[in-house]
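Survey of secondary and tertiary structure
What follows is the residue order along each chain.
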Amino acid sequence: MTDIERAAATTLTPRPSWDYAPAPESTDIVRLQDSYGLFVGGEFVEPKSGKRFTTINPATEEPLAEIAEAGPEDVALAVEAARSAHDQVWRDLSGAERAKYLYRIARQLQERAREFAVLETMNGGKPIKESRDVDLPLAAAHFFYYAGWADKLEYAFPGRSPGPIGVAGQIIPWNFPMLMAAWKLAPALATGNTAVLKPAETTPLTALLLAEVIQEAELPPGTINIITGAGETGAALVESGVDKVAFTGSTDVGKRIRRATAGTAKRLTLELGGKAANIVFDDAPLDQAVEGVINGIFFNQGHVCCAGSRLLVQEPVFEELMDKLKARLQTLRVGDPLDKNTDVGAINSRQQLRKIEELVASGIDEGAEIYQPECVLPERGFWFRPTLFTGVSQSHRIAREEIFGPVLSIITFRTPDEAVEKANNTPYGLSAGVWTEKGSRILWMAERMRAGVVWANTFNRFDPASPFGGYKESGFGREGGMHGLEPYLQLSP
Ligand code: NDP
């Protein structure tokens, strides 16, 4: 028994006795290669670095494939390929012509959605029902949405002659690999830019499958280049000759990138961490709120930058909400991500699991009370039980730091002013949720919260037409919607 399990043991409640039959999704549809090259200039090439690394399935720890690691020379070649595609072909195509390619990619993603979803789950550990019902449909929707803008840029920015910036270097994290690729690539291409995309080290496989789709869509070679590798590859891309850097990931790396691009002509957008408050008032529909709170923190194992990781509950409903939350937690199904009934899948990597364990241990040490449901975790792979902490004070690390795991810190409040103060008491400002039946209170709260998105009586709702981005240490710039076009455009004054 680990220290965390010992601390949680006093509050363990048995699971209901009924069970589901296994419903595993077949992996037959996925054709994995033993080894993948870099996607540069429209084809897969061997890395000049001569280096490779192994990508695994975090639910089983089994190796899936060998992946090329791009060194500085590989990065330079990819940027060169993107530059010539931009100067010789892409920027001069009409918007309608560019849209044609984006529509092709979107349709291919729809047609091959199951293959992509299974691969996303195998490589990242997220439940298949999420990659199937959320990641893939939204990724395709982003390409459709920005295809629609490609020939209408003059109407989006009337009188300002919108033109592309050039080559975009795009660095994405491991929590939504395919969706983040779509968020980055679709607006860049629609606005006439070309791109070099670097997926995260632990989740390169769907980006490499996307490279196949790009070939099938007959995109002019070099328009999109995909280079795999770890942090050094990302750093080399930032230092390279790109005209713009778009980054999603941790605040620490975001700060490093900001320093590296300071004083250069490179444009920059950063989408970084979060510590969102999900605020439940005493007049909220509690059963609905419980579903929103569960979705807010346990969706994708809590590996979500806008996760509702701090629950603020108004005192009169604290006991009732806790009873309902604990009962709901017991019904969450943790385990094989490929099982269609699984709610909480595998933690993305051993490194991330260690980080979650360390922060949870700090919560126990600092005096918060832990609650975990009883559930049998698979023996291999990286797993963490859904976890609640009560008795959390604002100074606790679990209330301040981004855990990026299935861990909810619960804090109480008495008045709306106190809720606003506590919600804003964070260096981050990406998202927030408000649960109340009063429309006027929703508006009052939304006006006062320093968060890029405020959801009301719902959580984690995404649509390509609505912009997303942060305040303070959650970054700057917006992705999605018409706002998401601007960071990729030069606009005459
Ligand atoms: P990172 O911020 O390190 O990773 C994001 C991307 O940046 C990855 O592609 C990564 O490459 C790349 N990268 C890493 N170092 C550099 C660098 N110096 N210059 C340019 N690019 C770089 O996140 P981690 O995966 O290390 O996760 C650490 C913590 O960050 C998590 O525990 C979580 O709290 C937070 N996080 C937050 C995210 C968010 O969206 N808010 C997303 C991901 C993580 P590679 O992964 O291959 O090393």
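Counting starts from 1 at the beginning of each chain's written sequence and moves along it residue by residue. Local features are withheld for residues below a pLDDT of 70 in this predicted model, meaning they are given only at 70 or higher, and side-chain atom pairs are given and counted only at 80 or more; totals for whole chains, interfaces and linings count all residues. To get the side-chain values, take all heavy atoms of the structure and skip hydrogens and water.

Remark: nonpolar core denotes a set of buried residues (Ala, Val, Leu, Ile, Met, Phe, Trp, Tyr, Cys) joined through side-chain atoms within 4.5 Å. Note on classification: 1.4 Å probe, protein chains only; a residue is buried when its accessible area is under 20% of the maximum for its type, exposed when over 50%, partly exposed between these limits. Ranked by internal contacts, the top residues of the largest apolar core, which has 105 residues, are L210 and L325. Helix numbers and strand numbers start at the N terminus; a helix is a DSSP run of H or I with at least 4 residues, a strand a run of E with at least 2. Residue contributions to this core peak at 10 residues, all from helix 7 (residues 177-190). Both of domain 1 (35-272 + 471-492) and domain 2 (274-456) provide at least three residues apiece to this core. Two residues qualify as a contact provided that any one of their heavy atoms is within 4.5 Å of a heavy atom in the partner residue. Ignoring sequence-local partners within four residues, the contact set of L210 consists of I105, L109, F116, M178, A181 and L185. If you look at the next biggest cluster of nonpolar residues, it comprises 31 residues, including L359, F389, V392 and I403. Here the bounds of each domain stem from an automatic or database domain assignment.

Of all 7 residues making up strand 5 (residues 63-69), 5 are buried, and the element is well covered by its neighbours. A pair of strands is labelled paired if DSSP reports no fewer than 2 bridges between them. Where strand 1 (residues 35-36) lies against strand 5, 2 bridges are found, and the strand directions are parallel. Across the sheet, the residue bridging to Y36 is I67, located in strand 5. As paired elements, strand 4 (residues 51-56) and strand 5 share 6 bridges and run antiparallel to each other. Bridging from a neighbouring strand, T54 pairs with E66 of strand 5. The turn linking strand 4 back onto strand 5 is made up of 6 residues, and E61 within it adopts a positive phi angle of 65°.

Turning our eyes to something else, we now look at the sheet that holds strand 16 (residues 407-413). Pairing in this open sheet of 7 strands is mixed, and the strands run 14-15-16-13-12-17-18 from one edge to the other. A strand with exactly one partner marks an edge of an open sheet, and here the two such strands are strand 14 (369-371) and strand 18 (453-456). On average, adjacent strands in this sheet sit at an angle of 20° to one another, irrespective of strand direction. When strand 12 (residues 277-280) meets strand 17 (residues 431-435), the two strands line up parallel, connected through 4 bridges. Note on strand 17: the bridge partner recorded for V280 is W435. Packed on one face of the sheet, helix 15 (residues 416-424) meets strand 12, strand 13 (310-314) and strand 16 and runs near 145° to strand 16. Axis definition: a line fitted to C-alpha atoms, limited for helices to the stretch in contact. Angles are taken between N-to-C directions and run from 0 to 180 degrees.

The next thing to look at is the domain arrangement of the protein. Parsing the protein into structural domains produces domain 1 (35-272 + 471-492) and domain 2 (274-456). Between the C-alpha centres of domain 1 and domain 2 there is a distance of 30 Å. On the side of domain 2, 36 residues touch domain 1, which itself brings 30 residues to the contact. Two parts placed together each lose some accessible area under a 1.4 Å probe, and the buried area is that loss summed for both. With both sides pooled, the region where domain 1 packs onto domain 2 buries about 2800 Å², and carbon together with sulfur makes up 55% of that total. For the domain 1 face of the interface with domain 2, the top three residues by lost area are E61, W174 and Y471, together amounting to 22%. Any carboxyl oxygen of Asp or Glu that lies within 4 Å of a side-chain nitrogen of Lys or Arg is treated as forming a salt bridge with it. Put simply, domain 1 and domain 2 have 2 salt bridges between them. One salt bridge in this structure joins E61 and R350, with 2.9 Å as the shortest N-O distance.

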